[in-house]
Amino acid sequence: MKKEMMRKGTVMMAVCLTAAAAFGTMTASAEGKKIGISLSSKELARSLKDEEYLTEYLEELGYEVDVQFGQGDANIQASQVENMIMSGVDGLIISPWDGSSMTSVVQLAHENNIPAIAYDANILNSEYIDYYSADDLEEIGATQGRYIVEHLDLDNNEDTFNLEIVAGDPADSNATYFYNGAMEVLKPYIEDGSLNVPSGQIEFSVTGTPGWEASKAQTRMDNILSTYYTDKRVDAVLCSNDGVALGVISSLKSVGYGAEDMPLPITTGQDCDVASIKSIIAGEQTMTVFKDIRELAKNATYMIDCLVNGEEPVIEDYVIYNNGVKDVIAMVVEPKALDINNYQELLFDSGYYSEDVLDME
């Protein structure tokens with residue numbers, strides 16, 4: 001499967017309003033129509049934000065919305081999507097738990113003249129997916145990598161720092177992009193000796209975390225610390241998302257990191273989960289990547305609205321992600337590094353979260 005992305009500067013020939021113009025405009029043709037939304041798992045903290053904003057924007061346009069969660073099980077999710085198709089939804093927004101598991105149900109949607117788009121993670125090996133509401137995936141990893149480089153001051157420091165890598169779920173098509181983006185930044189520093197990986201665990205195949213599970217990240221970090229760090233300390237851990245970051249931090253704290261004489265290393269993340277925002281405020285997790293789900297959901301709403309009404313979206317700046325059999329056009333949201341210095345502005349002043357969430361358990 002092709003992994004590369006190509007940014008295009010041309011405007012697609014289309015008749016649908018641009019995304020910016022579409023919102024605030026009630027489309028009469030949406031009345032009485034239903035969009036099925038399939039999200040991979042309610043256990044992923046960010047999924048509730050996906051549900052909130054997708055529902056809000058689609059209902060603004062007059063659609064009825066059916067949101068279902070796949071329970072972190074590809075078979076359950078595929079069955080749910082099939083039931084949506086059989087119930088007669090007019091369009092589908094699918095965020096797959098396993099990108100390769102949706103091929104047959106997307107074909108079924110096509111056979112029933114129901115347009116479908118991929119959301120957050122690509123649907124693999126399907127010739128019937130043309131559009132994808134996505135984050136700039138490799139840039140997310142690059143943002144994490146640059147944060148480590150800048151905060152260890154690697155370009156101006158002759159010391160060697162110890163790094164470990166805790167990547168994402170190998171079954172998630174996005175996880176490879178995150179890893180590749182980060183490693184493109186970090187690999188030169190590993191090669192010149194500025195960064196050392198004492199465990200030797202560098203390749204994605206050995207650093208991945210099945211299911212993005214914090215407990216699995218914690219167990220792996222426990223093993224790394226007990227085997228390779230009896231006489232040295234960790235300076236940075238590249239964690240692909242907030243869940244695995246919290247698992248890594250739990251492991252580090254269990255062996256004394258976080259004490260006054262043994263500060264926690266730099267730890268990255270992504271998604272701005274509330275638990276990780278609390279951790280950042282508490283001085284534990286160092287950073288996360290802010291991906292504005294409002295924009296992701298707005299892009300998805302715009303694209304599916306166009307397709308349901310027999311039109312093609314106008315996308316002036318897009319990225320191509322190959323899904324294994326074809327190039328898929330993606331509207332992307334640019335990521336931003338978030339840490340103790342700017343979380344207030346990005347999350348609370350912007351209205352993304354209410355500060356009340358900090359009081360929740």
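Everything below is about the structure shown above.
Residue numbers restart at each chain and count upward from 1, following the sequence in its written direction. A pLDDT threshold of at least 70 governs which residues receive local features in this predicted model, and a stricter bar of 80 or more applies before side-chain atom pairs are shown or counted, although totals over entire chains, interfaces and linings include all residues. Note that water and hydrogens are dropped before the side-chain values are worked out from all heavy atoms of the structure.

Quick notes on the overall build of the protein chain
Inference 1: Along the backbone of the protein chain there are 12 helices and 14 strands.
Inference 2: Its C-alpha atoms give the protein chain a radius of gyration of 21 Å, within 12% of the compact-globule value 21 Å for 361 residues.
Inference 3: Expressed as lengths along the three principal axes of its C-alpha atoms, the size of the protein chain is roughly 65 × 45 × 40 Å.
Inference 4: Think of it in three bands: residues with accessible area under 20% of the maximum for their type are buried, residues over 50% are exposed, and the middle band is partly exposed, with areas taken using a 1.4 Å probe on protein chains only. Classification of the 361 residues of the protein chain by burial places 56% in the buried group.
Inference 5: A fraction of 75% describes how many contacts in the protein chain between residues 6 or more apart in sequence connect residues 24 or more apart. Secondary structure elements follow DSSP: runs of H or I of four or more residues count as helices, runs of E of two or more count as strands, with numbering from the N terminus. Radius of gyration here uses only the C-alpha atoms, and the compact-globule reference equals 2.2 Å multiplied by the residue count raised to the power 0.38. Contact definition: two residues touch when any of their heavy atoms are within 4.5 Å.

Thoughts on a negative patch on the surface
Inference 1: To count toward a patch, a residue needs a relative accessible area over 30% and no salt bridge; like charges are then connected within 9 Å, while nonpolar side chains (Val, Leu, Ile, Met, Phe, Trp, Tyr) are connected within 5 Å. The accessible surface values rely on the Shrake-Rupley method and a 1.4 Å probe; as for residues, cover is taken only from the protein chains in view. Whenever Lys or Arg places a side-chain nitrogen within 4 Å of a carboxyl oxygen from Asp or Glu, that contact is recorded as a salt bridge. Positive charges are assigned to Lys and Arg, negative charges to Asp and Glu, while His and the chain termini are left out of the count. Positions of charges follow a simple convention, taking NZ of Lys, CZ of Arg, CG of Asp or CD of Glu. A cluster of acidic residues, Glu 345, Asp 349, Glu 355, Asp 356 and Asp 359, forms a negative patch on the protein surface.
Inference 2: On the secondary structure map, Asp 349 appears in helix 12 (residues 343-349).

Observations regarding the pairing of strand 7 (residues 161-166)
Inference 1: A large share of strand 7 lies buried, amounting to six of its six residues.
Inference 2: Alternating positions in strand 7 separate into two faces, Phe 161, Leu 163 and Ile 165 on one and Asn 162, Glu 164 and Val 166 on the other, with burial throughout.
Inference 3: The rule for pairing is simple: two strands pair if DSSP sees at least two bridges between them. Relative to strand 8 (residues 195-196), strand 7 runs parallel, the two sharing two bridges. Paired with Phe 161 across the strands is Leu 195, a residue of strand 8.
Inference 4: Here the term right-handed applies to a crossover when the path leading from its first strand over the helix to its second strand runs clockwise, the strands being oriented away from the viewer. Handedness of the crossover joining strand 7 and strand 8 through helix 6 (residues 173-191): right-handed.

So, the environment of Ala 214
Inference 1: Tracing the backbone shows Ala 214 in helix 8 (residues 214-228).
Inference 2: Using a relative accessible area of 30% as the deciding quantity, one classes Ala 214 as partly exposed.
Inference 3: C-alpha of Ala 214 to C-alpha of Asn 241: the two residues are 27 residues apart in sequence and 9.7 Å apart in space.
Inference 4: Each residue touching Ala 214, except ones within four places of it in the same chain, is listed here: Gly 243 and Gly 247.

So, unusual backbone geometry
Most peptide bonds take the trans form, and the phi angle of most residues other than glycine is negative.
Inference 1: Of note, Asp 153 is a non-glycine position whose phi angle comes to about 55°, a positive value.
Inference 2: Relative to the elements of secondary structure, Asp 153 occurs in the loop between helix 5 (137-151) and strand 7.
Inference 3: Even without glycine at this site, Cys 272 takes up a positive phi of about 60°.
Inference 4: When you line up the elements, Cys 272 lands in the loop between strand 10 (266-267) and helix 10 (274-281).
Inference 5: Taking the relative accessible area as the measure of exposure, Cys 272 reaches 0% and is therefore buried.

A few points about the packing of helix 8 against helix 9 (residues 242-254)
Inference 1: Contact geometry for helix 8 and helix 9: axes closest at 7 Å, N-to-C directions at 40°. Classified by the angle their axes make, helix 8 and helix 9 are oblique. The two elements helix 8 and helix 9 meet at a crossing, and its hand is right-handed. Contacts from Ala 214, Ala 217, Gln 218, Met 221, Asp 222 and Leu 225 of helix 8 reach helix 9 at Gly 243, Val 244, Gly 247, Val 248, Ser 250, Ser 251, Leu 252 and Ser 254.
Inference 2: Here the residues of the contact of helix 8 with helix 9 are counted per class, giving seven nonpolar, six polar and one charged. Every angle, taken between N-to-C directions, lies between 0 and 180 degrees, and every axis is a line fitted to C-alpha atoms, over only the stretch in contact when it is a helix. Throughout, the term roughly parallel applies to angles under 35 degrees, roughly antiparallel to angles over 145, roughly perpendicular to angles from 65 to 115, and oblique to all others. Rotating anticlockwise by less than a right angle from the far helix to the near helix defines a left-handed crossing, while the corresponding clockwise rotation defines a right-handed one. In the scheme used here, Gly and all other residues not listed as nonpolar or charged are polar, with Ala, Val, Leu, Ile, Met, Phe, Trp, Tyr, Cys and Pro taken as nonpolar and Asp, Glu, Lys and Arg as charged.

Section: the environment of Ala 259
Inference 1: You can see Ala 259 is positioned in the loop between helix 9 and strand 10.
Inference 2: Classification of Ala 259 by relative accessible area gives partly exposed; the value is 34%.

Let's talk about the packing of aromatic side chains
Inference 1: Stacked, tilted and edge-to-face are the three classes assigned to paired rings of Phe, Tyr and Trp, where Trp is represented by its six-membered ring and a pair needs centres within 6.5 Å; plane angles under 30 degrees give stacked, over 60 edge-to-face, the rest tilted. With the rule as written, the count across this model stands at 10 aromatic pairs.
Inference 2: Aromatic pair Tyr 177 and Tyr 321: ring centres 5.3 Å apart, planes at 75°, arrangement edge-to-face. Pair noted here: Tyr 177 is in helix 6 and Tyr 321 is in strand 12 (residues 318-322), with a separation of 144 residues, a long-range link.
Inference 3: Residue classification places Tyr 321 among the buried positions, given a relative accessible area of 0%.
Inference 4: Ring geometry for Tyr 343 against Phe 348: centres 6.2 Å apart, planes inclined by 90°, an arrangement best described as edge-to-face. Residue Tyr 343 shares its accessibility class with Phe 348, and that shared class is buried.
Inference 5: Aromatic rings pair up to connect Tyr 53, Tyr 57, Phe 290, Tyr 343, Phe 348, Tyr 352 and Tyr 353 into one cluster.
Inference 6: Two limits define a charge over a ring: the Lys NZ or Arg CZ must be within 6 Å of the ring centre, and within 35 degrees of the ring normal. Stacked on the ring of Tyr 352, the Lys or Arg Lys 49 has its end atom at 5.1 Å from the ring centre.
Inference 7: Sitting above the plane of the Tyr 57 ring, Lys 298 keeps its charged end 5.5 Å from the centroid.

Coordinates in, geometry out; function isn't part of it.
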